[in-house]
Amino acid sequence: MDAIQQRNRKLGERTAAALRERHFEAWFCPTAAEAADQILSLIPEGHTVSWGGSKSLEQLGVPDRVKGAFAVIDRDTAVNPAEGEQLRRAGLLADTFLMGTNALTEDGQLFNIDGMGNRVAALCYGPKNVIVVAGINKIVRSEAEAFARARFLAAPINAQRFPVSAPCKTDGVCHNCKAPDSICAQMVATRLCRPAGRIKVVICGEPLGF
C-alpha cells in the first residue's frame, strides 16, 4: 500500500466513523470494485431501484449491474420530457434510491446541489433505502468547503452535461445566477440520518465523479 492509499484509507475510515455517529450506516471500500460490490450488497432482494444522475455510479458500473438484477425505474429510458418527469416522480417511490454526493465533510455531513430537486428530494424523504457513494475526492474539511466544492467545482462541470442557459455553461464559472434553468435551485445539507440507518454511505478510496 503506497502513501496515497494509506492516507486515503485513514481519511475514509475516519469519515465513515463520523457518519455513523450521525446515525448513517457507512463503509470505507479501498477500491472502486469493492465499492460497487458493497453498493449491490445493500439492496434487498425484491426492491425496485432508481437513481439520480451520477457520474460516480456510472464509473462504478452500478446502473448496468442493477438493471440485470432488480426491477428499475430508469429516467434515461424516457422518450420525451413528459415521460422523463413521470419517471422522476416514480423514482421518489422506489424502494431503494442510489446517488452520488457533491461533497462530504470529515465530520460526516452530506452536501448536495440540485436543479430539478428530485435527487435531493429522494435523499430527504421517500425511498425506504438510500445508498450514497462518495469518492475520496469528495471529502472536505468543513461545511464552508463543502458548499464551495458543490457550487464552484461540481455545479459548473455538471452544467456542461445539460442543455441549460446558466452562465456557468458558457465559461465554467459560478455567477450565483438566477437563470430559470439553473442547476443550483436546491442546496441541501444533510447533517443527520433520520430514521437511523435509512441512508447508507459507501466511501470509495479512489476518486469518483467530480
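Owing to the predicted nature of the structure, the values given are computational and were not obtained by experimental measurement. (Residues numbered from 1 in each chain as written. Predicted model: local features only at pLDDT ≥ 70, side-chain atom pairs only at ≥ 80, totals over all residues. Heavy atoms only, no water.)

K.L.:
How should I be thinking about the overall build of the protein chain in this particular structure?
P.N.:
Tallying secondary structure elements over the protein chain gives eight helices and ten strands in all. Expected size for 210 residues packed as a compact globule is a radius of gyration near 17 Å; at 16 Å, the protein chain falls within 12% of this value. Its C-alpha atoms give the protein chain principal-axis dimensions of roughly 45 × 40 × 30 Å. Within the span of the protein chain, comprising 210 residues, buried residues form 49% of the whole. Considering only intrachain contacts with a sequence separation of at least 6, the fraction spanning at least 24 residues in the protein chain is 71%. With an accessible surface of roughly 10200 Å², the protein chain has 53% of that area assigned to carbon and sulfur atoms. Once the 25 positive and 22 negative side-chain charges of the protein chain are each reduced to a mean point, those two points are 4 Å apart. (Helix = DSSP H or I, 4+ residues; strand = E, 2+ residues; numbered from the N terminus. Rg over C-alpha atoms; globule rule 2.2 N^0.38 Å. Buried < 20%, exposed > 50% of the residue type's maximum accessible area, 1.4 Å probe, protein only. Contact = heavy atoms within 4.5 Å. Areas by Shrake-Rupley, 256 points an atom, 1.4 Å probe, with all protein chains shown as cover. Lys, Arg positive; Asp, Glu negative; His and termini not counted. Charge placed at Lys NZ, Arg CZ, Asp CG, Glu CD.)

K.L.:
Honestly, the packing of aromatic side chains in this entry has me stumped. Any pointers?
P.N.:
The geometry of an aromatic ring pair comes down to the distance between the two centres and the angle between the two planes. Under the definition given, this model contains one aromatic pair. For the ring pair Phe111 and Phe147, a centre distance of 4.9 Å and an interplane angle of 80° mean the geometry is edge-to-face. Note that Phe111 is positioned in strand β6 (residues 110-114) and Phe147 in helix α7 (residues 143-159), a separation of 36 residues in sequence. Overall, the relative accessible area of 1% leaves Phe111 in the buried class. (Phe/Tyr/Trp six-rings, centres within 6.5 Å; stacked < 30°, edge-to-face > 60°.)

K.L.:
For this particular structure, what's the right way to read helix α1 (residues 3-21)?
P.N.:
One turn of the α-helix equals 3.6 residues, which is why residues spaced by three or four share an orientation. Between the first and last C-alpha of α1 there are 27 Å, a value that for 19 residues agrees with the 27 Å anticipated at 1.5 Å per step. Considered for burial, the residues of α1 that qualify are Asn8, Leu11, Gly12, Thr15, Ala16, Ala18 and Leu19. Down the axis of α1, the buried set is contained in an arc of 160°. They therefore lie on one face. Turned more than 90 degrees away from the buried face of α1 sit Ala3, Lys10 and Glu21, all of them exposed. In this structure, the buried residues of α1 make contact with β1 (25-29), β5 (103-105), β8 (139-140) and β10 (199-204). (Expected span 1.5 Å × (residues − 1). Arc of directions from axis to C-beta.)

K.L.:
Where do I start with the nonpolar core in this structure?
P.N.:
Considering soluble globular proteins, one finds that nonpolar side chains tend to be buried as a cluster. Leu110, Val132, Ile199, Val201 and Ile203 are the most contacted members of the largest nonpolar core, which totals 21 residues. Elements supplying a minimum of two residues to this core: α1, β1, β4 (96-100), α6 (118-124), β7 (129-135) and β10. Residues Ile39, Leu60, Phe70 and Leu98 belong to the second largest nonpolar core, which totals 20 residues. (Core = buried A, V, L, I, M, F, W, Y, C linked by side-chain atoms within 4.5 Å.)

K.L.:
Would you take a moment to explain empty space enclosed by the protein for this structure?
P.N.:
One way to see where empty space is left: roll a probe the size of a water molecule over the atoms. Following the criterion strictly, the structure yields one cavity of 30 Å³ or more and no others. Roughly 50 Å³ of internal volume is contained in the largest cavity. In terms of lining, the largest cavity is formed by Ser50, Trp51, Arg75, Leu87, Arg88, Gly91, Leu92, Phe97 and Asn118. Contributions of two or more residues to the lining of the largest cavity are made by β2 (48-51) and α5 (81-91). With three residues, α5 is the single largest residue contributor to the lining of the largest cavity. (1 Å grid on protein atoms, 1.4 Å probe; cavity = no way out; pocket = protein on both sides within 12 Å on 5 of 7 lines; lining within 4 Å. Points joined across faces, edges and corners; volume = space filled by probe spheres on them.)

K.L.:
Which parts of the structure should I look at to understand the side chain of Thr101?
P.N.:
Inspection of the secondary structure assignment puts Thr101 in the loop between β4 and β5. Given a relative accessible area of 2%, Thr101 falls into the buried group. Among the polar contacts made by the side chain of Thr101, one reaches the main-chain carbonyl oxygen of Ala103 at a distance of 3.2 Å. Polar side-chain contacts of Thr101 include one of 3.1 Å to the side chain of Asn112. Setting aside its immediate chain neighbours within four residues, Thr101 contacts Leu110, Phe111, Asn112, Arg119, Val132, Val133, Ala134 and Lys138. (Polar contact = N/O pair within 3.5 Å; in protein donor to acceptor, adjacent residues only side chain to side chain.)

K.L.:
Sorry if this is basic, but what is going on with the pairing of β10 here?
P.N.:
Residues in a regular strand project their side chains so that they alternate between the two faces of the sheet. Of all six residues making up β10, six are buried, and the element is well covered by its neighbours. Summarising the sheet, β1 and β10 pair through five bridges and their orientation is parallel. The residue of β10 that forms the bridge with Glu25 is Lys200. In this sheet, β10 lies alongside β7 in parallel orientation, the contact comprising six bridges. Each residue of the ladder has a partner; that of Val133, found in β10, is Val202. (Pairing = 2+ DSSP bridges.)

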